[in-house]
Amino acid sequence: MTTATVRTGTRPVFWVALGLLAVVLLALPLILRSDSRLNIAILVLVYAALAQAWNLLGGFAGQISLGNAAFFGLGAYTSTILFSRWEVTPWLGMLGGALVAAVFAVIIGYPVFRLGGHYFAIATIAMAEIVLTVFNDWEFVGGAVGLLIPFARVDGRPADSWYYLQFNQHKEPYYYIALALVVLVTAVTIGVSRSKVGYYLRAIKNDQQAARALGVHVLRYKLIAIALSAAFSAIVGTFYAQYLLYIDPETTMRLELSVLIALVAILGGVGTVAGPLIGAAVLIPAAELTRSQLGGTGNAVDLILYGGLIILISIFQPNGLMGLVERVRRRGRGRPLTPPSDEEALAREEAPLLGTYEEERG
Amino acid sequence: MLLEVRHIAASYDGVPALHDVSFTVGEGEVITIIGSNGAGKTTTIRTISGLLRPDRGEIIFRGSRIDGLPAHRIAELGIAHVPEGRRLFNRLTVLQNLLVGSFSRRARAQEQAMLERVFTLFPRLKERAHQRAGTLSGGEQQMLAIARGLMLQPVILMLDEPSLGLAPRLVDEIFNTIRQIAREGMTILLVEQNVRESLEIADRAYVLQTGTTITEGTGTELLASEMVRRAYLGL
């Protein structure tokens, strides 16, 4: 965040708006009053958290990952296996999954971070596809059939249980847990963006060679970013598994999921705190509504509309929806942050999202 | 000797850029390496700071070899590299750029004191501390690049073409700044195409031609040398 944004962040108007938003979000399940609408709200939160976790790596460090579904899946599988085989509470499984995903991410990141730009993105796709294939063929984790998560039962009937992170009677707790996850990963993002780690990550994104010349330990900070990103993706994975009560490699690790996570963050606004949240709030309902209203007719009108929306945002808001928010806010204050020419120059500089930097040699 | 470069050769993906470069930098000296475009000046600096591994030769800093060490280890020893073309982090503020400059452990403890010093040296940067680096003028950007290098609390400050792309008046200003930093006792390795000005502030200087150091002397000697005058000053 720029200092200007931090300054506006402390203005009373901002806190009032945030307070109102909090009230609305807390009251939302009461307003929606239908499981299908609540489902969409929960999906929005799931993708918001995933996109925010992606943002730590892709937005701040500038390492575009198209394999974050693998971390999500590892989280879902770790807690599910611990729960279904040894009855470990999914809350502990969640932490276990985060640890497994973070360690895996660091092991993968160590060689893969030698690649830059497009090549890094391609390597992350390959990484996720390998994980997907392994899980599809691995008998111990259920293979392609997947795993059913056993019901928490009281008197033989499926029941709600905080201990088992399962709510078979009422779905509202899922909503609040997902909301808490979004708040958690957003708080971490804010913390990172205001800390030196955040400066280092953005310095690396901005000009990796220059950061290296200044003695910044580039690899270490990229590994920190991917470990954080993986850990939070995995935590959401556990939540998702407990929500669906069934996982298989396709639902938790497929390429489309990785792409959607990146897309939500990119369309919302890369490298900003609010961007991934706004992206999820716009994109996920759009996807769900077009599918439920227009899908299933076999003519793919839903996908055409959905694709059209993405194209429109990309053309008119290359900096994501947050770019639009910034512009409105600046107009509201009646003065630009910086002279327009500079702002244009910065926008141009930001435009090549997948731009490659001069690569490390030797 | 503080820094000794012995017969280094370096290449980019197999294309040789340096053939045989040797020079020394003593404590408190201002050393200039002059040479035309493509002579290997930037490559020399990059090799010292660890961004490029030399194919042959040795780089010795305070008696131990540093060639082959990763860049962050070399920075940790106190060798600061102010890269050609400034290479600021445009989307970070001036202050944040400076704080990235004090990444290393050696600099972090003294960070606040160093900020004070840098802001005294460059009052303009203090005024603009919360502005994005990308919005500074060219001269201010170069000041920030130098200031960011100083944040490391370097033992040697290596400056790569600090006058590149600046208006003549700003070039003078930059050289005055370098003079001032040198007067405070900083050891400086300056690489420049601006031959006259850089020889004027140099204690000693080396001429680099197609990746080879071909001659050396004091700044005044080289300014008077027939070869330098013909080849680099167009006289």
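Peer 1: I would appreciate a short explanation of the overall build of chain A in the present structure.
Peer 2: Counting its regular elements, chain A contains 16 helices and four strands. Across the 362 residues of chain A, 52% fall into the buried class. Within chain A, counting contacts between residues at least 6 apart in sequence, those at least 24 apart form 74% of the total. Split by element, the accessible area of chain A, about 16,400 Å² in all, is 69% carbon and sulfur.

Peer 1: Got a minute to help me understand the side chain of D207 of chain A in this structure?
Peer 2: Residue placement: D207 of chain A occurs in the loop between helix 8 (196-206) and helix 9 (208-213). Polar contacts involving the side chain of D207 of chain A include one to the main-chain amide nitrogen of Q209 of chain A, which spans 3.3 Å. Those residues within four positions of D207 of chain A in sequence are excluded, and the remaining contacts are R87 and F89 of chain B.

Peer 1: When you look at the interface of chain B and chain A in this model, what are you seeing that I'm missing?
Peer 2: When the parts of a complex come together, some accessible area is lost, and that lost area is often taken as the interface size. At the junction of the two partners, chain B supplies 31 residues and chain A supplies 30 residues. When chain B packs against chain A, close to 3,100 Å² is buried across both sides, 57% of that on carbon and sulfur atoms. Counting the surface chain B buries against chain A, the share from its top three residues, R87, R91 and F103 of chain B, is 21%. Taken together, the links from chain B to chain A amount to two salt bridges. For D207 of chain A, the salt bridge is made with R87 of chain B, and the minimal N-O distance between the two is 2.4 Å. Joining chain B to chain A, the criterion identifies six residue pairs in polar contact (both at pLDDT 80 or more). For the side of chain B that touches chain A, the secondary-structure elements that each account for two or more residues are helix 2 (71-76) and helix 3 (94-101) of chain B.

Peer 1: Would you mind showing me how to read helix 5 (residues 111-121) of chain B here?
Peer 2: Residues spaced three or four apart along an α-helix face the same direction, because each turn holds 3.6 residues. Buried within helix 5 of chain B are the following residues: E111, M114, L115, V118, F119 and L121 of chain B. Around the axis of helix 5 of chain B, the buried residues are gathered within 155° of arc, so they sit on the same side. Set apart from the buried face of helix 5 of chain B by more than 90 degrees, the exposed residues are Q112, E116 and T120 of chain B. Check the buried side of helix 5 of chain B and you find it contacts helix 8 of chain A together with helix 3, helix 4 (105-108), helix 6 (123-127), helix 7 (138-150) and helix 8 (168-183) of chain B.

Peer 1: Help me out: how do you make sense of the environment of E161 of chain B in this one?
Peer 2: Among the structural elements, E161 of chain B can be located in the loop between strand 7 (156-160) and helix 8. For the pair formed by E161 of chain B and E84 of chain B, sequence separation is 77 residues and the distance between their alpha carbons is 5.5 Å.

Peer 1: Can you help me understand the pattern of salt bridges in this one?
Peer 2: Two side chains that carry opposite charge are able to pair once their charged atoms sit near each other. Residues and elements named next belong to chain B. Under the criterion given, the structure shown has 13 salt bridges over all chains. Among the ionic pairs, E161 bridges to K41, the shortest N-O distance being 3.6 Å. With a gap of 120 residues between them, E161 in the loop between strand 7 and helix 8 and K41 in helix 1 (residues 41-48) connect regions that are remote in the sequence. Take K41: its relative accessible area is 5%, and that puts it in the buried class.

Peer 1: Honestly, the packing of helix 3 (residues 35-60) of chain A against helix 12 (residues 255-268) of chain A in this entry has me stumped. Any pointers?
Peer 2: Two packed helices can be described by the angle between their axes and the distance between those axes. Residue and element names in this part refer to chain A. Orientation of helix 3 relative to helix 12, taken along the N-to-C sense of each, is 80°, at an axis distance of 8 Å. By the angle between their directions, the pair helix 3 and helix 12 is classed as roughly perpendicular. From helix 3, Y47, L50, A51 and W54 reach across to helix 12, where they touch L257, L260, I261, A262, V264, A265 and I266. Each residue belonging to the contact of helix 3 with helix 12 can be placed in one class, and the counts come to eleven nonpolar, no polar and no charged.

Peer 1: Honestly, the environment of I34 of chain B in this entry has me stumped. Any pointers?
Peer 2: Residue and element names in this part refer to chain B. Note that I34 resides in strand 3 (residues 30-34). For the pair I34 and V228, spaced 194 residues apart in sequence, the C-alpha to C-alpha distance is 9.5 Å. Discounting residues that sit within four places of it in the chain, I34 has contacts with K41, E192, V195, S198, L199, Y206, V207, L208, V228 and Y232.

Peer 1: What's the story with the domain arrangement of chain B in this structure? I'm lost.
Peer 2: Residue and element names in this part refer to chain B. Looking at the assigned domains, one finds that chain B contains domain 1 (1-78 + 155-235) and domain 2 (87-154). For domain 1 and domain 2, the distance between their C-alpha centres works out to 23 Å. Contact residues are listed per partner, giving 18 residues for domain 1 and 16 residues for domain 2. Interface area, domain 1 with domain 2, both sides summed: about 1,400 Å², of which 70% is carbon and sulfur. At the junction of domain 1 with domain 2, the criterion picks out one salt bridge. Note that E184 is salt-bridged to R117, the shortest N-O span being 3.0 Å. Summed over the shared surface of domain 1 and domain 2, the number is three residue pairs in polar contact (both at pLDDT 80 or more). Counting residues per element, the ones that place at least two in the side of domain 1 that touches domain 2 are helix 2, strand 7 and helix 8. In terms of residue count, helix 8 provides more of the side of domain 1 that touches domain 2 than any other element does, six residues in total. Its residues assigned to classes, the side of domain 1 that touches domain 2 comprises twelve nonpolar, three polar and three charged.

Peer 1: I tried to follow the pairing of strand 7 of chain B on my own but got confused; where do I start?
Peer 2: Looking along a regular strand, one sees the side chains alternate between the two faces of the sheet. Residues and elements named next belong to chain B. Strand 7 sits mainly inside the fold: five of its five residues count as buried. Pairing analysis gives four bridges linking strand 6 (residues 79-82) to strand 7, with the strands arranged parallel. Bridging across to strand 7, I79 finds its partner in I156. As paired strands, strand 7 and strand 8 (residues 187-192) are joined by five bridges and run parallel to one another. Of the residues in strand 8, the one forming a bridge with M158 is L189. Viewed along the sheet, the connection from strand 7 through helix 8 into strand 8 turns out right-handed.

Peer 1: I tried to follow the packing of aromatic side chains on my own but got confused; where do I start?
Peer 2: One pair of aromatic rings is described through two measures. These are the centre distance and the angle between the planes. Following the criterion strictly, the structure yields 19 aromatic pairs over all chains and no others. Between the aromatic rings of F83 of chain A and Y164 of chain A, the centroid separation amounts to 5.3 Å while the plane-to-plane angle is 45°, which identifies the pairing as tilted. Here the residue F83 of chain A occupies a position in helix 4 (residues 68-86), and Y164 of chain A occupies one in the loop between strand 3 (157-158) and helix 7 (172-194), the gap between them amounting to 81 residues. The interplanar angle of 75° and the centroid separation of 4.8 Å between the aromatic rings of Y200 of chain A and F103 of chain B together place this pair among those described as edge-to-face. Of this pair, Y200 of chain A sits in helix 8 while F103 of chain B sits in the loop between helix 3 and helix 4, on two different chains. Looking at Y200 of chain A, the relative accessible area reads 1%, which means it is buried. Overall, the relative accessible area of 4% leaves F103 of chain B in the buried class. The aromatic ring of F89 of chain B is capped on one face by R148 of chain B, whose charged end is 4.8 Å from the ring centroid.

Peer 1: Any chance you could explain the environment of R179 of chain B here in plain terms?
Peer 2: All names here are of chain B. Assignment of secondary structure puts R179 in helix 8. Of the residues examined, R179 reaches a relative accessible area of 28% and is grouped as partly exposed. For R179 and V30, which are 149 residues apart along the polypeptide, the C-alpha to C-alpha distance reads 9.0 Å. In this structure, R179 is in contact with E200 and I201, ignoring residues within four places of it in sequence. Reaching out from R179, the side chain makes a polar contact with the side chain of N176 at a distance of 3.1 Å.

What counts and how
- Residues numbered from 1 in each chain as written.
- Chains lettered and ligands numbered in written order.
- Predicted model: local features only at pLDDT ≥ 70, side-chain atom pairs only at ≥ 80, totals over all residues.
- Heavy atoms only, no water.
- Helix = DSSP H or I, 4+ residues; strand = E, 2+ residues; numbered from the N terminus.
- Buried < 20%, exposed > 50% of the residue type's maximum accessible area, 1.4 Å probe, protein only.
- Contact = heavy atoms within 4.5 Å.
- Areas by Shrake-Rupley, 256 points an atom, 1.4 Å probe, with all protein chains shown as cover.
- Polar contact = N/O pair within 3.5 Å; in protein donor to acceptor, adjacent residues only side chain to side chain.
- Buried area = accessible area lost by both parts, 1.4 Å probe.
- Salt bridge = Lys/Arg side-chain N within 4 Å of Asp/Glu carboxyl O.
- Arc of directions from axis to C-beta.
- Axes fitted to C-alpha atoms, helices over the stretch in contact; angles between N-to-C directions.
- Parallel < 35°, antiparallel > 145°, perpendicular 65-115°, else oblique.
- Nonpolar A, V, L, I, M, F, W, Y, C, P; charged D, E, K, R; others polar.
- Domains from an automatic or database assignment.
- Pairing = 2+ DSSP bridges.
- Right-handed = clockwise from strand over helix to strand, strands pointing away.
- Phe/Tyr/Trp six-rings, centres within 6.5 Å; stacked < 30°, edge-to-face > 60°.
- Lys NZ or Arg CZ within 6 Å of the ring centre and 35° of its normal.

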